[in-house]
Amino acid sequence: MSSGKAAEFSLMDMVPTKIKNSKPSLIREFDAYAKQFDGVIRLTLGEPDFNTPQKIKDAATASLKANHTHYPPTPGTQDFREAVCEFLKRRRGLEYAPDQIVATVAASEALRATLETLISPGDVVIIPTPAFGFYGTIAEQLGALPVYIDTSRSGFKLSPETLNRTLTALEDVNTVLILNYPNNPTGVNLTRAEVKTLADVIARHKVAVVSDEVYAQISYGEPSTSIAEFLPERTVIVDSTSKTLAMTGWRIGYLAGPKDFVDEVVKVHQHTVATAPRPAMDAAAVGYRECDADIDAMVKEYKTRANLLYYGLKAQEFDCVPPAGAFYLYVRIPDSFEDSMTFCKQMVEKAKVAVVPGDAFEKNSRYVRCSYATSQENLREALHRISSWKAREGF
């Protein structure tokens, strides 16, 4: 017969506080809120509105017909890893060998597997903000301490001076720095010279770098520069087909890094998901080899949309961060609004336009993130609705 305590036991009694304290994505939470209202133009989720290129879909069909439906090697197929290396060399000027690549279940798993391999409880993860909330959540779940660096006073770019001060203060602590450029949510990118300056600072300190480069191909000025070019032995690149090849639903990504470190990540990867799916790898390999023209066409359209939304909001006297990459515009809310959540809810209810509160990316934010991964027609209509709302409310 069970005791009283055993009878009262539930699974929740064993859930750690760090998990209970983890919050669901505010991005998806607010997107779900906006869906309650009919006719809302949603500039919320960071998902390409383009369909996956036909060559990639044909390759997936061919893979299935060839019965590539069994377990592939844990790090990924040789063909996929070779295709990633060819792509990185051709598009980024980066030299990697196939045994330095691991195919993952999107960039999400690549990021978590990398951090789980790098950090132990009590270590520090430096996160320049505003930032994708995933970084801090993973760090906390793994028992690390997130240290946030506000970049709002340096054009939303991590400054070498601030980084140096932060790393100097953490000299005796195992530390990981997360970089994300082009940045989600600001759309800011770093020049080659700026990346080199950060690399020079990092080289003077004991710190590992995780470079989230899922938007690296979506750049409107000079091509994106990876910090791995300067610090290959310190850097793990996390990337995905989701944004680059419009393959969000395929859930295929990769990480790239020093071979000895990658060998350790494979252990975490193997005991987390075993392996990424073979048909998705086969399809992505074709995308990385044969779809440069599709990538360039999408980026050209994103740039047109970026200018349309940026100059449209500037004409309405909104303060916007100039877009240099990704497919987001970071916009300051008018002073008359209490906070970004209040602004966003009123915009949904009164203008029928949904954007993401900046609180999803930084504390007490006075900004909102607008995704322009939607048609020019939708963007023009959104601008019209915002203008009409602004005129009615007089802010």
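Keep in mind the model is a prediction, meaning the values are calculated, not measured. (Residues numbered from 1 in each chain as written. Predicted model: local features only at pLDDT ≥ 70, side-chain atom pairs only at ≥ 80, totals over all residues. Heavy atoms only, no water.)

Okay, the packing of helix α14 (residues 340-351) against helix α15 (residues 376-393) next. Following both chains from N to C, one finds α14 and α15 inclined at 100°, their axes separated by 10 Å at the closest point. Comparing the axis directions of α14 and α15 gives the class roughly perpendicular. In this structure, α14 contributes F343, Q346, M347, K350 and A351 to the contact, and α15 contributes R385, I386, W389, R392 and E393. Looking at the contact of α14 with α15 residue by residue, the classes come out as five nonpolar, one polar and four charged. (Axes fitted to C-alpha atoms, helices over the stretch in contact; angles between N-to-C directions. Helix = DSSP H or I, 4+ residues; strand = E, 2+ residues; numbered from the N terminus. Parallel < 35°, antiparallel > 145°, perpendicular 65-115°, else oblique. Contact = heavy atoms within 4.5 Å. Nonpolar A, V, L, I, M, F, W, Y, C, P; charged D, E, K, R; others polar.)

On to the packing of helix α6 (residues 106-118) against helix α7 (residues 134-141). Geometrically, a packed helix pair is captured by the angle between its two axes and the distance between the axes. Taken N-terminus to C-terminus, the directions of α6 and α7 make an angle of 40°; their axes are 10 Å apart at the nearest point. On the basis of their axis angle, the class for α6 and α7 is oblique. Read as a crossing pair, α6 and α7 show a hand that is right-handed. The segment α6 lies against α7, with S108, L111, R112 and L115 engaging F134, Y135, I138 and Q141. (Left-handed = near helix turned anticlockwise from the far one by under 90°.)

Looking now at the pattern of salt bridges. Opposite charge on two side chains lets them pair, provided their charged atoms get close. Counted by the stated rule, this structure contains 19 salt bridges. Taking the shortest distance from any N to any O, the salt bridge between R91 and D292 comes out at 3.5 Å. Here R91 is found in helix α5 (residues 78-92), whereas its partner D292 is found in helix α13 (residues 292-315), with 201 residues between them in sequence. The shortest N-O distance in the salt bridge between E264 and K267 comes to 3.0 Å. A residue pair is termed a helical-turn pair when its members lie 3 or 4 positions apart in one helix, as E264 and K267 do in helix α11 (residues 259-270) at three residues. For E264, a relative accessible area of 36% puts it in the partly exposed group. On the basis of relative accessible area, K267 is assigned to the partly exposed category, the value being 46%. (Salt bridge = Lys/Arg side-chain N within 4 Å of Asp/Glu carboxyl O. Buried < 20%, exposed > 50% of the residue type's maximum accessible area, 1.4 Å probe, protein only.)

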